[in-house]
Amino acid sequence: MERHTDIPELLAPAGSREAFEAAVAAGADAVYLSGTRFGARAYAANFDDDAMREVISDAHGRGIRVYVTVNTLVSDDEISDIGEYLLYLYRVGADAILIQDQGILRIARTILPDLPLHASTQMTIHSIEGLRYAAGKGISRIVFARELTLDEVREITRHADALGVGIEIFAHGALCMGYSGQCLLSSVIGGRSGNRGSCAQPCRRQYQPVIGTVDPYGRPVLRKGVNTEPRYLLSPRDLATYTRLPEVISAGVVALKIEGRMKSPAYVATVVSLYRKALDQIASGSFVADEEALRNTAFVFSRGFTEGHLFGAKGRSFISEDRPDNRGVRFGTVTWYDRSRGEAVIRDLSKPYPERGDGVVFYKEGEDDVGCDVHTHPKIQEGTLRLKTPVPVKTGMDVAINKRRAIEEQAAGTIASYHRGCGRKVEIDLSITMEGDHLRLDGYVSAPWGGRIPISARSSSPMVPAENRPVTEETIIDLITRTGETGFTIAILSISYPGGLFLPIRVLTELRRDLISAADAALRAGPPRDLEAAEERWQDCLRSLKEERQPERADTPILAVYASSMDEVAGALEGGAKRIYYEPAHPITSCEKRTLISKERWQETVLHDLSTLVALCNEYEATFFWKFPEIARKRFLDYALPILGEARSRGLRGVMVGGVGMAEAIHEIVPDMEIAGSSGLNLMNRAAIAEMRPFHRSLALSHEISYRELQRLGISGGEMIELFVQGSVPAMITEHCPAQGRFPCPGSGGGRLTALADHTGRIFPVRADAECRTIISNAVETCLIDHLPLILDAGIGILGIELRGRTKEYARIVCRAYHEALHADAEELKALKEEIRMVAWGGITTGRFLKRGDQ
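Residues numbered from 1 in each chain as written. Predicted model: local features only at pLDDT ≥ 70, side-chain atom pairs only at ≥ 80, totals over all residues. Heavy atoms only, no water.

Participant: So what exactly am I meant to see when it comes to the side chain of His 309 here?
Facilitator: Topologically, His 309 is positioned in the loop between β12 (305-306) and β13 (329-338). With near-sequence residues (within four places) excluded, His 309 lies in contact with Arg 146, Glu 147, Leu 148, Thr 149, Phe 318 and Glu 735. (Helix = DSSP H or I, 4+ residues; strand = E, 2+ residues; numbered from the N terminus. Contact = heavy atoms within 4.5 Å.)

Participant: Help me understand a negative patch on the surface in this model?
Facilitator: Side chains of Asp 114, Asp 530, Glu 532 and Glu 536 sit close together on the surface and give a patch of like negative charge. As for its position among the elements, Asp 530 is in the loop between α13 (505-524) and α14 (531-545). Among the residues examined, Asp 530 registers a relative accessible area of 46% and is labelled partly exposed. (Patch = residues over 30% accessible without salt bridge, like charges linked within 9 Å, V, L, I, M, F, W, Y side chains within 5 Å. Areas by Shrake-Rupley, 256 points an atom, 1.4 Å probe, with all protein chains shown as cover. Salt bridge = Lys/Arg side-chain N within 4 Å of Asp/Glu carboxyl O. Lys, Arg positive; Asp, Glu negative; His and termini not counted. Charge placed at Lys NZ, Arg CZ, Asp CG, Glu CD. Buried < 20%, exposed > 50% of the residue type's maximum accessible area, 1.4 Å probe, protein only.)

Participant: Where do I start with the state of the cysteines in this structure?
Facilitator: If you walk through the whole model with that rule in mind, you get zero disulfides. Cys 203 takes part in no disulfide bond, and the closest cysteine sulfur to it belongs to Cys 199, at a distance of 6.0 Å. (Disulfide = S-S within 2.5 Å.)

Participant: Please clarify how the packing of aromatic side chains should be interpreted in this entry.
Facilitator: How two aromatic rings sit relative to each other is set out by the distance from centre to centre and by the angle between their planes. As enumerated under the stated definition, the model contains 13 aromatic pairs in all. Ring centres of Tyr 582 and Phe 624 lie 6.1 Å apart, and the angle between their planes is 35 degrees; on these two criteria the pair is classed as tilted. In this pair, Tyr 582 is assigned in strand β27 (residues 579-582) and Phe 624 in strand β28 (residues 623-627), connecting sequence segments 42 residues apart. For Phe 624, a relative accessible area of 3% gives the class buried. (Phe/Tyr/Trp six-rings, centres within 6.5 Å; stacked < 30°, edge-to-face > 60°.)

Participant: Looking at this model, I keep getting lost on the pattern of salt bridges. Mind explaining?
Facilitator: With the rule as written, the count across this model stands at 71 salt bridges. Between Asp 151 and Arg 154 there is a salt bridge; the shortest N-O distance is 3.0 Å. Remark: Arg 154 and Asp 151 occur in helix α6 (residues 150-163); sequence separation between them is three residues, near one turn of the helix. Where salt bridges share partners, they join Glu 152, Arg 633, Glu 735, Asp 769, Glu 771 and Arg 773 into one cluster.

Quick look at the structure:
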């Protein structure tokens, strides 16, 4: 096997102190963790300020880097706390922070220019354009969206190298069904926002496909006689790239990330050990994938493994339809239950078999799981295995080992070895000389944050002429390099010793200890940082952030709609809309359920649409924008960007984009194109708006912003800030198709998959974009029509209405209602709200806008 010299960093999760020790002992190069604030795993144990200081010091003493997640969205109320928290992390020596929020990016870059910034996967960077944006903002590493293929990673990484940006990808662990940072499903269902660190994982629940057509308002009409049993249609398997690590490394990534801040220390120890061993073997050219070693990780937690989008996994190779939780390793099926002996009789056996001390689980769809421990060594006779169970189990239940005593003991041993110096060792490069009569050690230790730190030690006693047995050079080297159960190794670069001298062994041992203590202290001191200058920059920044801003009402509020068909646009214009964001639905890719057209034909068709709709909008004195998908990957950009100039010459006013870097890319092609920023930019605070303002003429706020948070932004009407006021919030964007070829897909016309129903009967609309990407929207429509006076007084100049996937009639009714609402009194607003309720999908809600405490 080929040797690899550029082995990526192995980055491990540390959701608790014990998990941190597990990661270090198992051989991680770096850990990522969170404080008790502003981290995207609010329900992990995490670290308070004192624990954070201690864990960073301990990690540095072992040569381990620590990256702290500050990757939630924040409101203006929290900006002051964010600055103080960033200063604290800077002070205690964090090696980098992971961020999502553009406001945090702006503040961190301003006050801590030498603190490395990593773009969290929640920033949803998935293109060269996003890479260039990150590089321009001083971001040193990007955690790519998990939906990218290895070919895409490889291509973008080539550009990243030239820009001095490192690329990090997930290698193992739980996957999100939707694009991280763009998923609002937990937020709209139960108010627990993934962008605020408290995702309730509704994707792990059962959903039933809804097959049929739609009524005149775009609501589902079910087709009778279709068997659509509830399944776990949105529950991904766990990512495992172990067997294909050489290919992953060849893509040029700088770090491989293990997911798992909510997982046990045993999980961390087991998985990190597997990948550490593999990376070391790849470095030496001796790697051969060990399927049994990978299987051992399933004993500590697994939903079944997938190679993920990275290697093109789709359908059943990506998701686990039958169960969403830890399944362990299956070994058989119950053929009957022997009540007289209280034993399950198991056949259809496969290795590995359970052993004494293991835990097993009996499971079957529609039945409650039954778990028990194995108290005796099971015997297999004539292909049959018997297990005692605490309660009867049913015929047909599968049986799996979900706790392997041997693996747990091995993991416990790994964790305990942290205190014996196991894991990554820090090397001290050492020269030995004489300083007068004293033995002197001078060396360097490599700092985890980069560079080398000089260290030295001198013997407490002088060397004297030997009377009998002089200390030899070999003895000095032997005693000095005995580092034992410390986290260090010592490499002797040179020794200058005249010989014939004596020094007690205890003094040589003491000298070695002094050297290691000096190295430990130097590492624990952390990177050199100018705290006083950072504090001054923060105070200057804070003064500008605290400037009072009073909201100012817009002179002429604009009704803006999101549409994907000619009919939707026509209905909106008839209803009074004055701003159109049109996202063509013509397919670029297809699962063979949609008619696919060539690149040239697609470009011709889109240009025709744009020309036709520009002319129609001109008749209504409305402004027209080409709405790019929230996720605009290479294929779409290769189709769309080359025709922007032609589209502009045909009267296209502007383009709406959601991904970072897209506005800059469009300006390079068509400098006078007006750019609108969509809600995909996740703007919730004034600093984030300021960060996005230079290349965007207008900006849409996050769908998750509340009235209280909106009011405190201090928006003036002339700022062209948009708020979503009506429609089903697009709650999840996923590369996975829930239809999976069994039903006509969301983009295929009549008798298609129109929605997904959950266990409560709520129906979530489903549609497909041009690249067969699935968009799942909220089961209830947001409707803020009776709150328009508050919204307009808060300075909002653009009112956003979602029409995609609806009909001309719905568009006309809803837009007419909002047009009239701009000049209506309170009683008239109530009546208009009832008109909307009559055509809404699943009823109406104020959503996050009036969350508790904001009324």
